[in-house]
Amino acid sequence: MSFDQIRLDKHEGIALLTLHRPDRMNAFTTEMMIEAVAALDDCDADDAVRAVIFTGSGDRAFCAGADLGSGASTFDYDKRTDKQAILPDGASASPIRADGSIDWSHPLIRDSGGRLSLRIFEAKKPVLGAINGAAVGIGATMTLPMDARLASETARYGFVFARRGIVPEAASSWFLPRLVGIANAVDLCYSGRLISAEEARDKGLVQSVHAPGALIDAAIAKAREMTADSAPVSVALTRHMLWRMMGAPHPIQAHRWDSRAIFSRGRSPDAAEGVTSFLEKRPPNFTASVANDYPWFDEFEESPPYS
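Residues numbered from 1 in each chain as written. Predicted model: local features only at pLDDT ≥ 70, side-chain atom pairs only at ≥ 80, totals over all residues. Heavy atoms only, no water.

Draft legend 1. Looking closely at the packing of helix 1 (residues 30-45) against helix 3 (residues 112-121). Interhelical geometry of helix 1 versus helix 3 gives an angle of 10° and a closest axis separation of 9 Å. Overall, the two elements helix 1 and helix 3 adopt an arrangement that is roughly parallel. Contacts between helix 1 and helix 3 involve Thr30, Met33, Ala36, Val37, Leu40, Asp41 and Asp44 on the former and, on the latter, Ser112, Arg115, Leu116, Arg119 and Ile120. Considered class by class, the residues forming the contact of helix 1 with helix 3 number 6 nonpolar, 2 polar and 4 charged. (Axes fitted to C-alpha atoms, helices over the stretch in contact; angles between N-to-C directions. Helix = DSSP H or I, 4+ residues; strand = E, 2+ residues; numbered from the N terminus. Parallel < 35°, antiparallel > 145°, perpendicular 65-115°, else oblique. Contact = heavy atoms within 4.5 Å. Nonpolar A, V, L, I, M, F, W, Y, C, P; charged D, E, K, R; others polar.)

Here is the structure:
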């Protein structure tokens, strides 16, 4: 696939997705969102890919947040210049109805960062972040639905929304308190202050901190540790179960999904191979395909509509 604002490189089961606007500190745009979503679609469909690692181009920034090139109108949706990129065919060009009321379900009102965060949430492959520099605004919030975040010693996190006169986006009001607790979440979001990689680790925002030159290798090693000896379909299903059940109101919902998943997976060749390889003391050879054999259960996995 060909991209302008990201790079996608696959090697030995790992896809490295690099945000690539180094002249703008990899600042986020609608085009970058569309390309990253397309790259994740590609990786989910490619059984050779076992995990995806996000990082940033250059050594200054992972992603410095939304591109502020539009100045004071950056966050004014009425003045968006990317409308054609996100409007589906037949959609009205404005969320303002003829009577002056607002259509809150209109696609132009949808937050682009949220579209990417939700696509990461829905990924069937583990997604990791190699945070190589400044991760500010959407550069911070897009990492929250990732399964692991590893940071360079030079990384800085900032949930700076209130300092820009807006609010946290990319569904971070759901993800951030679950990762760091509500007390840390309100501290980071109310103040908008920048924190070091070490403080981010202490708060549980990142799992480990590395020298800049060792970051990517550490992320690849972590991705391999997560996936090398596990059945890809089981990893994909487990990823969805763990993330979605964080919001379930009662453990009976997890029990229902567990029961269906165990029944489905227990009948698969992977389950027989997992047991046989263990008894024969050899590495497993799992053959089920994430792209073709993933057991989808609508009652648990269907996303609610945006409205």
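Draft legend 2. Structural context of the pairing of strand 7 (residues 148-152). Counting buried positions over the 5 residues of strand 7 gives 5, a clear majority of the element. Alternating residues of strand 7 divide into Ala148, Leu150 and Ser152 and Arg149 and Ala151, and every residue in both groups is buried. Pairing geometry for strand 5 (residues 127-131) and strand 7, over 4 bridges, is parallel. Bridge pairing in strand 7 places Ala130 opposite Leu150. Here strand 7 runs beside strand 10 (residues 208-210); their pairing, made up of 3 bridges, is parallel. Note that in strand 10 the partner of Ala151 across the bridge is Val209. (Buried < 20%, exposed > 50% of the residue type's maximum accessible area, 1.4 Å probe, protein only. Pairing = 2+ DSSP bridges.)

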